[in-house]
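# Understanding the architecture of this molecule
The lines below spell out each chain.
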Amino acid sequence: MIDISFEINGRKVSPRNMGNALESAVLKSVQESITKSVGSARCPEHGQRPKVKVKGRNLDSLSFEVSGCCDQLIETVKKKLK
Ligand SMILES: [Zn+2]
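Here's a quick rundown of the structure. These figures come from a predicted structure and were not determined experimentally. (Residues numbered from 1 in each chain as written. Predicted model: local features only at pLDDT ≥ 70, side-chain atom pairs only at ≥ 80, totals over all residues. Heavy atoms only, no water.)

### Looking at the pattern of salt bridges
Where charged atoms of side chains with opposite charge meet at close range, the side chains can pair. In the structure shown here, the tally under the stated rule is two salt bridges. Residue Glu7 is joined to Lys53 by a salt bridge in which the shortest nitrogen-to-oxygen separation is 3.1 Å. With a gap of 46 residues between them, Glu7 in strand 1 (residues 3-8) and Lys53 in strand 3 (residues 51-56) connect regions that are remote in the sequence. For Glu7, a relative accessible area of 16% puts it in the buried group. Residue Lys53 is classed as partly exposed on the basis of its relative accessible area of 22%. Between Glu65 and Lys55 there is a salt bridge; the shortest N-O distance is 3.4 Å. A residue pair is termed long-range when its members are at least 10 positions apart, and Glu65 in strand 4 (residues 63-67) and Lys55 in strand 3 qualify at ten residues. Glu65 sits in the partly exposed class, given a relative accessible area of 41%. Its relative accessible area of 29% is what places Lys55 among the partly exposed residues. (Salt bridge = Lys/Arg side-chain N within 4 Å of Asp/Glu carboxyl O. Helix = DSSP H or I, 4+ residues; strand = E, 2+ residues; numbered from the N terminus. Buried < 20%, exposed > 50% of the residue type's maximum accessible area, 1.4 Å probe, protein only.)

Written out as structure tokens, the structure is:
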């Protein structure tokens, strides 16, 4: 599985430590959809897995930040996340 992290309003959060059940469910569904689309992604050249950071001021304005071993992997993952 790939590494997915969340940062909401500058604070690191995870579906497990959100105080609010509704917000926790939102993060969980985002996490699941990322896992579904790029969870098995791996760089064909370096064998590395990408990392995805989900960032936003709040849960309504989330965007994805992808990092990885090379631009090719990052581009592939970004395309799949759209
Ligand atoms: Zn690579």
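### Here's the deal with the sheet that holds strand 3
Pairing between the strands of a sheet comes from backbone hydrogen bonds, and it takes one of two forms, parallel or antiparallel. The four strands are arranged 2-1-3-4 in an open sheet whose pairing can be described as mixed. Every interior strand has two partners, whereas the edge strands, strand 2 (11-13) and strand 4, have only one. Direction aside, neighbouring strands of the sheet carry axes that sit 30 degrees apart on average. Two elements, strand 1 and strand 3, share six bridges in a ladder whose sense is parallel. Bridge pairing links Ile8 to Gly56 in strand 3. Running at roughly 145 degrees to strand 1, helix 1 (residues 21-38) makes contact with strand 1, strand 2, strand 3 and strand 4 of the sheet. Taken strand by strand, helix 2 (residues 71-81) contacts strand 3 and strand 4, and its axis lies near 155 degrees from that of strand 4. (Pairing = 2+ DSSP bridges. Axes fitted to C-alpha atoms, helices over the stretch in contact; angles between N-to-C directions. Contact = heavy atoms within 4.5 Å.)

### Details of the pairing of strand 3
The alternating pattern of strand 3 places Val52, Val54 and Gly56 on a buried face, while none of Lys51, Lys53 and Lys55, on the opposite face, is buried. Relative to strand 4, strand 3 runs antiparallel, the two sharing five bridges. Each residue of the ladder has a partner; that of Lys51, found in strand 4, is Ser67. Here strand 3 hands over to strand 4 after six residues, the two strands then running antiparallel side by side.

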